[in-house]
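# Fold and geometry: a report
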Amino acid sequence: SFWKEVMINIEEQSMLFRLGLRRVKKAMLMPNFKPSFVITAGQTLYNNLNATFGSKPSYFTTDSIDYSRAMQLDTIVIESFKHKKYILFVEQGDPFHPDFRLLNMELKIDPVNYYKRINLFISELEIKTGLEVLVSLPPKTEMFMPELKNMFKDREFYINKTAELTKHCQFVVIESSTAINFAIIFKKPLFFFSIKSNEYSYNLTKKMAKIFRKRETIVGVNDWDLNLED
């Protein structure tokens, strides 16, 4: 929402603002919630929760799920792509994603037209780079959105193998997917893209790209540049 975006921008100005706003929000929304301990995955989450609850709870930090996943790779998949040069395209399945239904958010996206433009973009990417593009589909594909597989039936795609495919790829093409964690862990160059400039994913991707000091590229209609060095 607009106000949430305003709050986030204010919090980013300083830790003092973050601490003050989070304490006020807690006092208003959950005044009786006073945990005795908090378990966090990573330092960023610890900082946010420490700003919210203060130093009274005991804090325990563990590895994130994605980091643990990256340390337990499927060796068969790793070996099969070890000597291959390719680009990894991370697909998040917006037109079918179950999270939007849970949040009562209806994305007005025509799947057929959307993936026609996605595949056009992938073909252009292969022409510009001379490299094959492998598609990584989300772990939820089989159970919640099997129709996603039909959108890439003419391409080589894998389900729930993002960590393995990221390890040896040349760079990662991504929107606002949390799978970006694997690119960070394996220190891969990132290319942020969006099909439209006015959709939900566009705004999230733009913010994510800003964090990594990258620009988001609108693709699928007009000519575009491969901006890995930005």
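Everything in this summary refers to the structure shown in the same document. (Residues numbered from 1 in each chain as written. Predicted model: local features only at pLDDT ≥ 70, side-chain atom pairs only at ≥ 80, totals over all residues. Heavy atoms only, no water.)

## Re helix α7 (residues 111–129)
- With 19 residues, α7 extends 27 Å between its outermost C-alpha atoms, agreeing within 8% with the 27 Å of an ideal straight helix rising 1.5 Å per residue.
- Where α7 is concerned, the buried positions are Tyr114, Tyr115, Arg117, Ile118, Asn119, Phe121, Ile122 and Leu125.
- For α7, the secondary structure elements touched by its buried residues are β3 (86–90), β4 (132–137), β6 (172–174) and β7 (190–194).
- The positive-phi residue at the C-terminal boundary of α7 is glycine 130, with phi of around 75°. (Helix = DSSP H or I, 4+ residues; strand = E, 2+ residues; numbered from the N terminus. Expected span 1.5 Å × (residues − 1). Buried < 20%, exposed > 50% of the residue type's maximum accessible area, 1.4 Å probe, protein only. Contact = heavy atoms within 4.5 Å.)

## Re the pairing of strand β2 (residues 58–62)
- Relative to β2, strand β1 (residues 37–41) is paired through 5 bridges, and the arrangement is parallel. Its bridge partner being in β2, threonine 40 is matched across the sheet by threonine 61.
- In this fold, β1 hands off to helix α3 (residues 43–53), which returns the chain to β2; that crossover is right-handed. (Pairing = 2+ DSSP bridges. Right-handed = clockwise from strand over helix to strand, strands pointing away.)

## Observations concerning the packing of helix α1 (residues 2–11) against helix α2 (residues 15–29)
- α2 packs onto α1 with a crossing angle of 140° between their chain directions and a minimal axis gap of 8 Å. The pairing of α1 with α2 is recorded here as oblique in orientation. Packed against α1, whose contacting residues are Met7, Ile10 and Glu11, the element α2 presents Phe17, Arg18, Leu21 and Arg22 at the interface.
- Residues that form the contact of α1 with α2 fall into these classes: 4 nonpolar, no polar and 3 charged. (Axes fitted to C-alpha atoms, helices over the stretch in contact; angles between N-to-C directions. Parallel < 35°, antiparallel > 145°, perpendicular 65-115°, else oblique. Nonpolar A, V, L, I, M, F, W, Y, C, P; charged D, E, K, R; others polar.)

## What about the side chain of asparagine 48?
- Summarising the element assignment, asparagine 48 is placed in helix α3.
- Excluding residues within four positions of it along the chain, asparagine 48 makes contact with Arg18 and Arg22.

## A closer look at a nonpolar patch on the surface
- Side chains of Val24, Met28, Leu29, Met30 and Phe33 sit close together on the surface and give an oily, nonpolar patch of about 530 Å² of accessible area.
- By secondary structure assignment, the location of methionine 28 is in helix α2. (Patch = residues over 30% accessible without salt bridge, like charges linked within 9 Å, V, L, I, M, F, W, Y side chains within 5 Å. Areas by Shrake-Rupley, 256 points an atom, 1.4 Å probe, with all protein chains shown as cover. Salt bridge = Lys/Arg side-chain N within 4 Å of Asp/Glu carboxyl O.)

## A word on the packing of α2 against α3
- In contact at an axis separation of 7 Å, α2 and α3 are set at 60° when each is read in the N-to-C sense. In terms of axis orientation, α2 runs oblique to α3. In this structure, the crossing between α2 and α3 has a hand that is right-handed. Contact residues: α2 offers Arg18, Leu19, Arg22, Arg23 and Lys26, while α3 offers Asn47, Asn48, Asn50, Ala51, Thr52 and Phe53. (Left-handed = near helix turned anticlockwise from the far one by under 90°.)

## What about the packing of aromatic side chains?
- Evaluated as defined, the whole model comprises 14 aromatic pairs.
- For the pair phenylalanine 33 and phenylalanine 53, a centre-to-centre distance of 5.7 Å together with 80° between the ring planes defines the contact as edge-to-face. On the criterion of sequence distance, the pair formed by phenylalanine 33 in the loop between α2 and β1 and phenylalanine 53 in helix α3 is long-range, its members being 20 residues apart.
- Classification of phenylalanine 33 as partly exposed rests on a relative accessible area of 45%.
- A relative accessible area of 15% places phenylalanine 53 in the buried class.
- Ring centres of tyrosine 115 and phenylalanine 152 lie 5.5 Å apart, and the angle between their planes is 75°; on these two criteria the pair is classed as edge-to-face. Pair noted here: tyrosine 115 is in helix α7 and phenylalanine 152 is in the loop between α8 (141–144) and β5 (157–159), with a separation of 37 residues, a long-range link. For the residue pair tyrosine 115 and phenylalanine 152, the accessibility class agrees, reading buried in each case.
- A network of ring pairs unites the aromatic residues Phe89, Phe121, Phe191, Phe193 and Trp224 as a single cluster. (Phe/Tyr/Trp six-rings, centres within 6.5 Å; stacked < 30°, edge-to-face > 60°.)

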